[in-house]
Amino acid sequence: MASAVLQPGSNPSRISVKRLSLPVEGMTCASCVGRVERALKKVPGVATAAVNLATERADITFTGPTDAQAAVHAIEGAGYAVREETTELAIAEMTCASCVGRVEKALAKVPGVLEASVNLATERARVRHLAGVVTTADLEAAVEQAGYKSRRLSLGTSNAGDEEAERREGEARALRRSLWTAAILSLPVFILEMGSHLVPAMHHWVMGVLGQQTSWYLQFVLTTLVLFGPGLRFFHKGVPALLRGAPDMNSLVAVGTAAAYGYSLVATFAADVLPQGTANVYFEAAAVIVTLILLGRMLEARAKGRTSQAIKRLVGLQAKTARVMRNGTLAEIALDQVATGDIVLVRPGEKIPVDGEVVEGASYVDESMITGEPVPVAKEAGSEVVGGTINRTGAFSFRVTQVGANTVLAQIIRLVEEAQGSKLPIQALVDKVTMWFVPAVMAAAALTFLVWLVFGPEPALTFALVNAVAVLIIACPCAMGLATPTSIMVGTGRAAELGVLFRKGEALQALRDVSVIAVDKTGTLTKGRPELTDLEPAQGFEYNEVLALVAAVETRSEHPIAEAIVAAAQQRGLTLAAIESFDAVPGFGVSAQVAGRTVAVGADRFMTQLGLDVTGFLATARRLGEQGKSPLYAAIDGRLAAVIAVADPIKETTPAAIKALHALGLKVAMITGDNAATAAAIAKQLGIDEVAAEVLPDGKVAALKKFRVNGARVAFVGDGINDAPALAEADVGLAIGTGTDVAIEAADVVLMSGDLRGVPNAIALSQATIRNIRQNLFWAFAYNALLIPVAAGALYPVNGTLLSPIFAAAAMALSSVFVLGNALRLKRFSAPMAVESRVGAPDSKAVPLQ
């Protein structure tokens, strides 16, 4: 744990830590200890450094403020590692982009924190910090010091999702109550004041029946109830933030409404202190501003709830109970009580509760919520099943292999949550601007007040007040803070429904900029296993007759080609006779006696050696060669019987996926270990633009670099262990979800469907999401750039136009609602390679986004 030298009564969050204890990994002997100590002592400000091999910790004393980053860099520079952890916090009471910046800054100041990222839409903070140096309590204290509340979250758990949903629903209920209270109290104030200005009969009635002073008293009472009832939340947050010198949206509302209310208070009870002709009241502005901003907050809360529906649907896919065999009896137990190794029974129509391996029975399982594929998958003994998928037909039992956070569904939920909480590079500029935006707005409001007070027409004080309040209210940066994260949330959620998981949010932006898609051939373009693709019998021979005899011979061989021929015969239900003798001729082929018949299988040179002429199959052999296949020949009883081709067949979905990538304006390249002629044939067949052939597994990274011509950004799609370096090297790595765990861990994007169709879907969604973000940012910034001058009265000298604070509040609320509404359009994104029935998605017709 980190330790500090504290003065009695001091606040730990306000002092400089003098001593730091870091966990060091990779040390094996005393010389390692010496190297780490020497490296640490060279860090500026380090007084002493003591490294303990047994505890694997480095205890460092600083003469000044602790520089944990420098100490970590020194240890890493010496060739060792410092373990890191990531903590996720739920942050409450953030309202705008300024809040985001302040929370991030507070977390970043905690000694040992390496990176802090806060998301306004998800109301979460992800903090990367040194393990054993920073505690959750340290982070929560920093957030509280900044004026907000926080609590730790656990990623990918249904309980966390339920708690979050309950908290948001509680906030929404409180907002609805406050809104209705404010609206009921504000309506009479608005009618009394604005009705008198707009309707002459109303003015006469108010003056004749109530009198001006009584009307003002009534407005004062109702407005006071609004400000110190539903509106008190703005003062609770805004005033302390203002006193800390870190004003936020609440501060703008608090100052604006307090100015209008305070001025009206003086006009009502001490009009003599105001200049002649300036004793006017603006109670209606203060009351209606609070009401309208509460309306905006409520609409925001409702829209935010809709942005996280993908996670809710994912969590909803989890079964609640499972029928488990315990002590010879079948018992229905809660999901959290299921353990690895349990035998679970699943009946037709039920959800599979957890991941496992079928041990008895057979069925068809709908896995569309995981892979995006609509066709149910056959399951039998030995097949793997995934929790959350739906059993369609038969009943079966399976042995549990993964539970809790280790199941595929839990991992998908975690990936989606992490992607939704991440920040794109495009957000960096927004964060810089918004940190200074609120203070700049307050300065602009003060300047507006002074200019109108000095140069404005009479009553100058009234004009100065109204316009300054309008500037304060209209310039709230809510829309700026929501512009990027809401689009990311909806975009990554929609991607999950399409079977595309963004492991890193940054990939959502990077994928939009790629111009070359490099694809590994085996297992990505192709099925990844050899199959019998062609068998053309000669005259006088039957297909099944030849296949059965050839397969019988190949049962003695362990070559992948032999296995493919045997598998093809078994699929046709052919009976394979026993062989009486077997002879292999290296480099030529094999021969055997099968049921009294002589069978030989091999290359054309083997047939020539046997004295057989293959020219009759010349046209077929040429066609197979053009398709990248190597023909084999079969001879039976001394006669040429058939030409055979075994190849790794191209997936049925691959040609359409390549076509879709070309339609998106992308160049497609193939990386393969095949010889150049075979690779060229496959590339021609599929319309692939560039080929890197005869590439060894460790040469894929070099091949990728070759495609980076003129600064082109390259995405790589692969599925094997040997693809991991290339996936990491590419600008964006996309792993086929049916591939290995190593490949998936190295990738930025995971395609759960297991075929290339996910790539154009992912790229099109990336393009749509970034376009949506740019629209949101344009609206948010253009809105403020245009309306702040209007609110300040810039049009008044031209045509006498002034913006009422009430309209300013309405416009401010609508700007956030517009941004959220635009982000929600991504829910209707239509994929280029349409696949029905995805991750919990409701049946609906998707429409393309412009």
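Residues numbered from 1 in each chain as written. Predicted model: local features only at pLDDT ≥ 70, side-chain atom pairs only at ≥ 80, totals over all residues. Heavy atoms only, no water.

S.K.: Break down the overall build of the protein for me, citing the residues and quoting the values.
M.R.: The helix and strand tally for the protein stands at 30 helices and 30 strands. Counting all 850 residues of the protein, 53% fall into the buried class. Contacts spanning at least 24 positions in sequence make up 69% of the contacts within the protein whose residues lie at least 6 apart. Counting only carbon and sulfur atoms, one obtains 57% of the accessible surface of the protein, whose full area is about 36700 Å². (Helix = DSSP H or I, 4+ residues; strand = E, 2+ residues; numbered from the N terminus. Buried < 20%, exposed > 50% of the residue type's maximum accessible area, 1.4 Å probe, protein only. Contact = heavy atoms within 4.5 Å. Areas by Shrake-Rupley, 256 points an atom, 1.4 Å probe, with all protein chains shown as cover.)

S.K.: Now, about the packing of helix 19 (residues 543-554) against helix 20 (residues 560-571): what can you tell me, with residues and values included?
M.R.: Where helix 19 meets helix 20, the axes come as close as 8 Å, and the angle between the chain directions of the two elements is 135°. Taken as axis vectors, helix 19 and helix 20 run oblique relative to one another. Handedness of the crossing formed by helix 19 with helix 20: left-handed. Facing helix 19, whose interface residues are Leu-547, Val-550, Ala-551 and Glu-554, helix 20 presents Ala-562, Ile-565, Val-566, Ala-568 and Ala-569. (Axes fitted to C-alpha atoms, helices over the stretch in contact; angles between N-to-C directions. Parallel < 35°, antiparallel > 145°, perpendicular 65-115°, else oblique. Left-handed = near helix turned anticlockwise from the far one by under 90°.)

S.K.: Please provide a residue-by-residue account of the UniProt feature "transmembrane region" (unreviewed entry) in the protein, values included.
M.R.: Under the present numbering, the feature "transmembrane region" (unreviewed entry) in UniProt falls on residues 178-196, 216-235, 247-269, 281-299, 433-455, 461-484, 777-796 and 802-824. Secondary structure content for residues 216-235 is 80% helix and 0% strand, while the C-alpha to C-alpha distance between its ends is 23 Å. Along residues 281-299 the backbone is 89% helical and 0% strand, and the end-to-end C-alpha distance reaches 30 Å. (UniProt positions renumbered as here; feature names shortened; annotations may be inferred.)

S.K.: Before we move on, could you go through the environment of Ile-352 and cite the residues and values that matter?
M.R.: Looking at the secondary structure, you find Ile-352 in the loop between strand 11 (343-346) and strand 12 (355-361). Taking the C-alpha atoms as reference points, Ile-352 and Ile-390, 38 residues apart in sequence, are found 6.0 Å from one another. In contact with Ile-352, not counting residues within four places along its chain, are Val-346, Val-365, Val-385, Val-386, Gly-387, Gly-388, Thr-389, Phe-396 and Phe-398.

S.K.: Give a description of helix 8 (residues 232-243) that names residues and reports values.
M.R.: Taking 1.5 Å of rise per residue, the twelve residues of helix 8 would be expected to cover 16 Å, and the 17 Å separating its terminal C-alpha atoms lies within 8% of that figure. Listed in full, the buried residues belonging to helix 8 are Phe-234, Phe-235, Gly-238 and Ala-241. Summarising the axial view, the buried residues of helix 8 lie within an arc of 155°, below the 170-degree limit, and thus occupy one face. Along helix 8, the residues that are exposed and aim more than 90 degrees away from the buried face are His-236 and Leu-243. Positive backbone phi, at 75°, marks Gly-245, one or two positions downstream of helix 8. (Expected span 1.5 Å × (residues − 1). Arc of directions from axis to C-beta.)

S.K.: Tell me about the pattern of salt bridges, and please be specific about residues and values.
M.R.: Within the structure shown, the criterion is met by 17 salt bridges. Two residues, Arg-124 and Glu-88, come together in a salt bridge whose shortest N-O distance is 3.4 Å. You can see Arg-124 sitting in strand 7 (residues 124-130) and its partner Glu-88 sitting in strand 5 (residues 84-92), a full 36 residues away along the chain. Taken as a pair, Arg-124 and Glu-88 share a single burial class, namely buried. As a salt-bridge pair, Asp-534 and Arg-623 come within 3.9 Å of each other at their nearest N and O atoms. (Salt bridge = Lys/Arg side-chain N within 4 Å of Asp/Glu carboxyl O.)

S.K.: Please give an account of the confidence of the model for the protein that cites residues and values.
M.R.: Caution is warranted with low-pLDDT regions, since their predicted coordinates should not be read in detail. For the protein, the average pLDDT comes to 78, and 82% of its residues sit at 70 or higher. Contacts of residues 1-17 to residues separated by more than four positions or lying in other chains number 27 contacts, the stretch itself having pLDDT below 50. (pLDDT = per-residue confidence, 0-100.)

S.K.: Go over the packing of aromatic side chains with me, naming the residues and quoting the values.
M.R.: According to the stated counting rule, one finds 13 aromatic pairs in the structure shown. Each ring, one from Phe-617 and one from Tyr-633, has its centre 6.5 Å from the other, and the planes form 50°; the classification is tilted. Taken together, the residues Phe-617 in the loop between helix 21 (604-609) and helix 22 (618-626) and Tyr-633 in strand 24 (residues 631-636) connect sequence positions 16 residues apart. With a relative accessible area of 8%, Phe-617 lands in the buried category. Residue Tyr-633 is classed as buried on the basis of its relative accessible area, which comes to 4%. Ring pairing ties together the aromatic residues Tyr-217, Phe-220, Phe-228, Phe-235, Tyr-261, Phe-269 and Phe-283, which thus form one cluster. Between the NZ or CZ atom of Lys-237 and the centre of the ring of Tyr-148, over which it lies, the distance is 6.0 Å. In this structure, Arg-605 is placed above the aromatic ring of Phe-588, and the distance from its NZ or CZ to the ring centre is 5.7 Å. (Phe/Tyr/Trp six-rings, centres within 6.5 Å; stacked < 30°, edge-to-face > 60°. Lys NZ or Arg CZ within 6 Å of the ring centre and 35° of its normal.)

S.K.: Outline the environment of Leu-508, listing residues and values.
M.R.: Relative to the assigned elements, Leu-508 resides in helix 17 (residues 506-510). C-alpha separation for the pair Leu-508 and Gln-767, spaced 259 residues apart in sequence, amounts to 8.3 Å.

S.K.: Mind laying out the sheet that holds strand 14 (residues 377-379), listing which residues take part and the relevant values?
M.R.: The sheet built from three strands is open, its strands ordered 14-13-16 with antiparallel pairing. Lying at the two open borders of the sheet, with one neighbouring strand each, are strand 14 and strand 16 (390-391). Here strand 13 (residues 363-366) pairs with strand 14 via three bridges, running antiparallel. For Ser-363, the partnering residue across the bridge sits in strand 14 and is Lys-379. (Pairing = 2+ DSSP bridges.)

S.K.: Which residues make up the pairing of strand 21 (residues 579-585), and what values go with them?
M.R.: Examined bridge by bridge, strand 21 and strand 22 (residues 589-594) share six bridges and lie antiparallel to one another. In the sheet register, Val-585 faces strand 22, and the bridge partner there is Gly-589. Counted between consecutive antiparallel strands, the loop separating strand 21 from strand 22 contains three residues, among which Gly-587 sits at a positive phi close to 85°.

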